[in-house]
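Residues per chain, in single letters:
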Amino acid sequence: MSSFKDIKPFAKPACASVTLPGSKSITNRAMILAAVAGGELEIKNALFSRDTIIMADCLKRLGYVVESDREARSIKISAEGSAAPNLQAELFVGNAGTAARFVTAFCAANKGGEYFFDSDEAMYKRPMKGLMDALREQGSEFEFVGQRDCFPFKMRAGGLAGGEVCIDASASSQLLSALLMAAPLAEKKTLVRLSKGTVSRPFVEMTVNMMTDFGFQCSRPADGVFEIVPRRPERRMSAYFVEPDATAASYFAILPALTGGAVLLENFANCSLQGDLGFLDVLHGCSLVGTSKILNGVLAVGAKRPAGNYAGGGINFSDISDTFLTLAAASAALGGNLRIEGISHTRAQETDRVAAMAAELRKVCLAVSEEEDALEICPHKALPEGISDTPVRIKTYSDHRIAMSFGILGCADIFGDGTPWISIEDPQCVSKTWDNFFDTLDAARVASEKFTTVAVDGGAAVGKSSVSKAVSDMLHLMHVDTGAHYRTLTYALINAGLADADEAAVEGYLSDFKLGTAFDPQRANSARMTLCGELVKDEDLRTKAVNDRVSVFASMPSVRNFLKGYQRSMASYAREHGFSGLIMEGRDIGSVIFPDADVRIFLDADEQTRAQRRAKEGISDSISARDRMDRSRKTAPLVCPEGAVRIDTSNMTKEDVISRTAAEICRAK
Ligand code: DC
């Protein structure tokens, strides 16, 4: 009996940061290239997963010293010379395509070696022929236990002769990558020619780029032709840093399209070698998610249930096929028809992914049609329509990507009450590339559901309001503009004939003054102060009279004390109204009102920029005079609170400031 994991939907919009694991493809390439280069290399930010452990184990069996430190994400590989120390070994490659192909080609270079290879049964069916034909041509011989050109087999390594060699890598780009990475061990220069095209071309780019990084010479004299110089690098590096996994990023990048909110993908902007980065463009193209680069990360932002804007057209996933499952599964809850093309080669991956996805998607979609190279998905208009028996049990065929894709789909709160509706079979199969994926997903949900207080402070015209409003909409926070509180009181005092009153008179006036709260009719997420149950019109709060007096009243301790209690009560008001948190803007929010706020932001901009921004809004306001008063007053002066995140917005676009602020909130969760 398989075990199942029920996926808990996100009851609140996503608001979390995720640290991505290192890339599997890069970790396993780095290990084989370290072996080809010889000497000692530390692989940093390495992925620890079934496939990389299998690769490390193969190298150990071949006589390399491999020191793994999971906590530190480090793998050290060392050996004398570049050929494998052991001329005989029994190797097991599991269902790891990279290890299966890369280790076979690497061992073939070790003339006189005799190696026995076995694998998981699923690997028995995956393509090896193209590589084996090329290795035979180069001098090696194979004996098969079962089917010809399949695992398990024995290889008598004949070395790599070099010269011209043709390879059919149409079934998998790994067949080509394997040959390229072993070719520096050949006796003479190797000219590899692709006899047909190949799939997943970005992975070939990755191989060539990494070979160059490692100091090998691999050039491309013509399309589909690779020339490799038989030499070990002169200058060997001592450490290699593995990029975070771009395919893994796809799951959390699409999450906000299903849940609303935003997810910060830590470190992701450092990625450059991986084709699956292109998945973000697909999401953009489908209007499913907005993304922006923030420092080292990428912030993915989505609106809940966008109208599926990709109906009819087909998306070709040939270059980024590992991510087709991510979009295919999510599409069940997105309402638009979707056609995915260029995926026939994925029928020979961990499982027949086209058939498996079709079978599982049928459980949650109106109709799914399967073609040799394509899937056409017609989801229900709006789930939970069509879903009766919950949870829907998703078979995962020992395929980590099926488990992760449907795991993300299950985060959509289709019943609106947090009822789990997707259950994933054998959730542990994700260990192939991300062993704590489901823990990471649980943590992201818990973080998203945690109530958050955000303080945004800064002088006049730094953009506090526009940024706070946009962030409140993005993350479903209740927005409160405390400048409006001071303006409302000033308006009331002026109307009561107290424009020039001293503090004692103001205190007397406030002693039986009743404040109320209402949501802005124009902005459902903004809570505003009412006077006698009425909202004061915005234009009445921005008259010259109010502008001239507000800083004077705001400097009176009795006024500030009077508002302190009211402003603090806004946190429970936001909770009572079901918000994910509160974002309050002003001058003393992070220093006085909520010094313990989860996130404290201080926005700043040079005076010229601020004056220009105000002028653009058509407002003439003596910003510097007000700022001077706000900064110099005795009670709650405008300061950047200690420990707050200071953002100088002078040279930033509004969108950048919004993303940066949202990223800080995601990160603080
Ligand atoms: O953000 P604003 O321009 O609407 O603010 C109006 C005035 O209110 C400003 O000059 C300073 C004062 N204020 C304050 O002292 N403390 C706050 N938390 C918010 C505003």
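Structural data are supplied above this passage.
Residues numbered from 1 in each chain as written. Predicted model: local features only at pLDDT ≥ 70, side-chain atom pairs only at ≥ 80, totals over all residues. Heavy atoms only, no water.

Chemist: Residue-level account of the overall build of the protein chain, with values.
Modeler: A count of helical and extended segments in the protein chain gives 24 helices and 31 strands. Once the C-alpha set of the protein chain is aligned to its principal axes, its extents read approximately 100 × 60 × 40 Å. Counting only residues that meet the buried cut, the protein chain has 59% of its 669 residues in that class. Look at the contacts in the protein chain between residues 6 or more apart in sequence, and 77% of them connect residues 24 or more apart. Total accessible area computed for the protein chain in this model is approximately 25700 Å², and 48% of it derives from carbon and sulfur atoms. (Helix = DSSP H or I, 4+ residues; strand = E, 2+ residues; numbered from the N terminus. Buried < 20%, exposed > 50% of the residue type's maximum accessible area, 1.4 Å probe, protein only. Contact = heavy atoms within 4.5 Å. Areas by Shrake-Rupley, 256 points an atom, 1.4 Å probe, with all protein chains shown as cover.)

Chemist: Just give me the short version of the site of the ligand, but keep the residues and values in it.
Modeler: In the vicinity of the ligand, 16 residues are found, and the nearest of them are R487, R560, D588, R626 and R633. For the ligand, an oxygen atom lies 3.0 Å from a polar atom in the side chain of S551. Contact between the ligand and R560: a nitrogen atom at 2.9 Å from a side-chain N or O atom of the residue. Isolated, the ligand exposes 450 Å² of accessible area, and the fraction of that covered by the protein chains is 97%. (Near = heavy atom within 4 Å. Polar contact = N/O pair within 3.5 Å; in protein donor to acceptor, adjacent residues only side chain to side chain.)

Chemist: I'd like to hear about the pattern of salt bridges, residue by residue, with values.
Modeler: In this structure the tally under the stated criterion is 46 salt bridges. In this structure, K111 engages E187 in a salt bridge whose closest nitrogen and oxygen atoms are separated by 3.7 Å. A residue pair is termed long-range when its members are at least 10 positions apart, and K111 in the loop between α3 (97-108) and β7 (114-118) and E187 in the loop between α6 (173-182) and β11 (190-194) qualify at 76 residues. Summarising the burial analysis for this pair, K111 and E187 share the class exposed. The partner of R667 in a salt bridge is E664, and the shortest N-O contact between them spans 3.9 Å. Residue R667 and its partner E664 are located together in helix α24 (residues 654-668), separated by three residues, close to a single helical turn. A relative accessible area of 31% places R667 in the partly exposed class. Linked by salt bridges that have partners in common, K24, D51, D322, E350, R353, D399, R401 and K432 make up one network. (Salt bridge = Lys/Arg side-chain N within 4 Å of Asp/Glu carboxyl O.)

Chemist: Residues and numbers for the packing of aromatic side chains, please.
Modeler: Two aromatic rings, taken as a pair, are described by how far apart their centres are and by the angle between their planes. Counting across every chain of the model gives 17 aromatic pairs. Ring centres of W434 and F437 lie 5.4 Å apart, and the angle between their planes is 70°; on these two criteria the pair is classed as edge-to-face. Overall, F437 belongs to the buried group, its relative accessible area being 0%. Grouping aromatic residues by their ring pairs yields a cluster made of F117, F142, F144, F151 and F153. Sitting over the ring of F4, R393 keeps its end group 4.1 Å from the ring centre. Looking at R575, its charged tip hangs above the ring of F451, at a distance of 4.2 Å from the centre. (Phe/Tyr/Trp six-rings, centres within 6.5 Å; stacked < 30°, edge-to-face > 60°. Lys NZ or Arg CZ within 6 Å of the ring centre and 35° of its normal.)

Chemist: Would you mind going over the nonpolar core in detail, with residue names and values included?
Modeler: Counting 81 residues, the largest nonpolar core has L62, Y64, V103, Y115, F117 and F226 as its most contacted members. Core analysis: the second largest hydrophobic core is formed by 79 residues, L20, M357, I377 and C411 among them. (Core = buried A, V, L, I, M, F, W, Y, C linked by side-chain atoms within 4.5 Å.)

Chemist: Mind laying out the state of the cysteines, listing which residues take part and the relevant values?
Modeler: Each disulfide consists of a covalent bond between the sulfur atoms of two cysteine residues. With the rule as written, the count across this model stands at zero disulfides. In this model C15 remains outside any disulfide bridge; the closest cysteine sulfur is found in C666, 4.1 Å from its own. Its relative accessible area of 3% is what places C15 among the buried residues. C58 takes part in no disulfide bond, and the closest cysteine sulfur, belonging to C107, lies 7.8 Å away. By relative accessible area, C58 is classed as buried at 0%. (Disulfide = S-S within 2.5 Å.)

Chemist: Residues and numbers for the packing of helix α1 (residues 24-37) against α3, please.
Modeler: Across the interface, α1 lies against α3 with an axial gap of 10 Å and an inter-helix angle of 10°. In terms of orientation, α1 and α3 fall into the roughly parallel class. Where α1 approaches α3, its residues N28, R29, I32, A35 and V36 are matched on the opposing element by T98, A99, F102, V103 and F106. Split into classes, the residues belonging to the contact of α1 with α3 amount to seven nonpolar, two polar and one charged. (Axes fitted to C-alpha atoms, helices over the stretch in contact; angles between N-to-C directions. Parallel < 35°, antiparallel > 145°, perpendicular 65-115°, else oblique. Nonpolar A, V, L, I, M, F, W, Y, C, P; charged D, E, K, R; others polar.)

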